[in-house]
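Listed below are the residues making up each chain.
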Amino acid sequence: MTLTVKPIAILDDNYAWFLRDEATGVTAVMDAAVVGPIEDFVKAEGGRLDWLLITHHHGDHIAGIAELAARTGAKVAGNAQDAARLPKLDVAVKPGDVFALGASEAQIIDTPGHTHGHISWYFPSGETLLCADTLFAAGCGRLLEGTPAEMFASLQKLAALPEATKVCCGHEYTLSNIRYALSVEPDNAALQAFAERAKALRAEGKPTVPTTIGLEQAINPFLHARDVKHFAELRLGKDNFR
Ligand code: ZN
Ligand code: FE
């Protein structure tokens with residue numbers, strides 16, 4: 001394995017992600033929104049923290065970063081376009097850039113929709129996608145700043161990645177997403193099977209993520225939208241679902 005990736009459950013239902021390039025030992029945490037639990041996790045992984053990486057500007061993804069950077073000396077990398085509303089960046093990346101985490105390279109993918117400046121980090125060699133509040137297990141992020149057309153295009157880009165790609169999202173929203181997904185696609189057998197698996201995992205207090213692009217293609221109604229209009233209807237349906 002070239003890249004180790006592990007979820008760190010923080011706050012009520014957020015996931016930060018611990019990353020280690022195994023060739024060099026270089027490590028990172030994506031979306032470090034708290035300090036203590038991240039420090040504890042890093043300590044248990046050997047204590048090395050080189051990078052604090054960012055997907056988007058919301059507090060539940062960045063609130064711990066300035067203090068962690070000051071305490072550990074880790075460098076901060078995020079979207080240049082959002083620099084004014086992110087913690088101080090040591091490296092400002094742009095969509096299309098390649099970011100080197102040791103020997104593991106991440107492609108920076110522009111994924112607006114949840115926010116204007118939301119980016120996703122895709123490690124081809126590590127078969128890992130960190131997509132925060134764009135693509136969730138069986139769901140997608142709310143449109144807080146972007147348009148349905150932007151989010152539809154962002155999701156289409158992510159859905160086109162290789163099927164084995166691990167989907168490391170920003171929240172444990174899976175059971176709620178499944179309830180809505182089943183209301184849209186009640187006869188989807190893959191979705192029914194995932195629902196059983198997810199329920200069992202949550203009953204044991206375990207994460208339901210990462211899933212894979214292949215699984216999301218099978219179960220995620222937002223990836224089955226025919227066009228922008230259909231996507232907008234699905235998203236509105238989820239916003240009003242209870
Ligand atoms: Zn967010
Ligand atoms: Fe979030």
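Residues numbered from 1 in each chain as written. Chains lettered and ligands numbered in written order. Predicted model: local features only at pLDDT ≥ 70, side-chain atom pairs only at ≥ 80, totals over all residues. Heavy atoms only, no water.

Draft legend 1. Broad picture of the packing of helix 5 (residues 174-184) against helix 8 (residues 228-239). Put simply, helix 5 and helix 8 touch, their axes get as near as 10 Å, and they point 125° apart. Between helix 5 and helix 8, the interaxial angle falls into the category oblique. Where helix 5 crosses over helix 8, the handedness of that crossing is right-handed. Contact with helix 5, carried on its side by S176, N177, Y180 and V184, involves E233, L234, G237 and K238 of helix 8 and no other residues of that element. When grouped by side-chain class, the residues that make up the contact of helix 5 with helix 8 number three nonpolar, three polar and two charged. (Axes fitted to C-alpha atoms, helices over the stretch in contact; angles between N-to-C directions. Helix = DSSP H or I, 4+ residues; strand = E, 2+ residues; numbered from the N terminus. Parallel < 35°, antiparallel > 145°, perpendicular 65-115°, else oblique. Left-handed = near helix turned anticlockwise from the far one by under 90°. Contact = heavy atoms within 4.5 Å. Nonpolar A, V, L, I, M, F, W, Y, C, P; charged D, E, K, R; others polar.)

Draft legend 2. View of the coordination of the iron ion (ligand 2). Only D60 (OD), H61 (NE2), D133 (OD) and H171 (NE2) from the protein coordinate the iron ion (ligand 2), and they sit 2.1 to 2.4 Å from it. Coordination geometry of the iron ion (ligand 2): the four donor atoms subtend angles of 82 to 173° at the metal centre, consistent with an arrangement described as irregular. Each donor residue of the iron ion (ligand 2) belongs to the same chain, and together they define the spacing D-H-x71-D-x37-H. A separation of 3.0 Å is found between the iron ion (ligand 2) and the zinc ion (ligand 1), which are bridged by D133. With a gap of 73 residues between them, D60 in helix 2 (residues 59-62) and D133 in the loop between strand 10 (128-132) and strand 11 (135-136) connect regions that are remote in the sequence. Accessibility expressed as a relative area gives 23% for D60, which makes it partly exposed. (Donors = N, O, S within 2.8 Å, 3.2 Å for Na, K, Ca; no water. Tetrahedral: all angles 85-135°; square planar, octahedral: opposite > 155°, others 65-115°. Buried < 20%, exposed > 50% of the residue type's maximum accessible area, 1.4 Å probe, protein only.)

Draft legend 3. How the structure looks around the coordination of the zinc ion (ligand 1). Around the zinc ion (ligand 1), the donor atoms from the protein are H56 (NE2), H58 (ND1), H114 (NE2) and D133 (OD), and they sit 2.2 to 2.3 Å away. Mapping the donors of the zinc ion (ligand 1) onto the primary sequence yields the spacing H-x1-H-x55-H-x18-D.

Draft legend 4. The sheet that holds strand 8 (residues 104-110), seen in detail. A sheet is described by the order of its strands in space; here six strands give the open sequence 7-8-9-10-13-14, paired in mixed fashion. Looking along the sheet, the strands with just one partner apiece sit at the ends: strand 7 (98-101) and strand 14 (211-212). Pairing analysis gives four bridges linking strand 8 to strand 9 (residues 119-123), with the strands arranged antiparallel. Counterpart to Q107 in the pairing with strand 9 is Y122. Packing of helix 4 (residues 148-159) onto the sheet brings it into contact with strand 8, strand 9 and strand 10, and relative to strand 8 it is tilted by some 150°. (Pairing = 2+ DSSP bridges.)

Draft legend 5. Quick look at helix 8. Across its twelve residues, helix 8 extends 16 Å between first and last C-alpha, which sits within 8% of the 16 Å expected from 1.5 Å per residue. Those residues of helix 8 that fall on the buried side of the exposure criterion are H230, F231, L234, R235 and K238. Down the axis of helix 8, the buried set is contained in an arc of 135°. They therefore lie on one face. Away from its buried face by more than 90 degrees, helix 8 exposes K229 and L236. Of the surrounding secondary structure, the elements contacted by the buried residues of helix 8 are strand 12 (139-140), helix 4 and helix 5. The backbone nitrogen of K229 lies 3.3 Å from a side-chain oxygen of the residue at the head of helix 8, namely D227. (Expected span 1.5 Å × (residues − 1). Arc of directions from axis to C-beta. Polar contact = N/O pair within 3.5 Å; in protein donor to acceptor, adjacent residues only side chain to side chain.)

Draft legend 6. View of the sheet that holds strand 6 (residues 91-93). Spatially, the six strands line up as an open sheet ordered 1-2-3-4-5-6, and their pairing is mixed. Every other strand in the sheet has two partners, leaving strand 1 (3-10) and strand 6 as the edge strands with one partner each. Shown here is a sheet whose adjacent strand axes are inclined to one another by a mean of 20°, direction ignored. As paired strands, strand 3 (residues 27-30) and strand 4 (residues 51-53) are joined by three bridges and run parallel to one another.

By themselves, these are just geometric observations and shouldn't be taken as functional.
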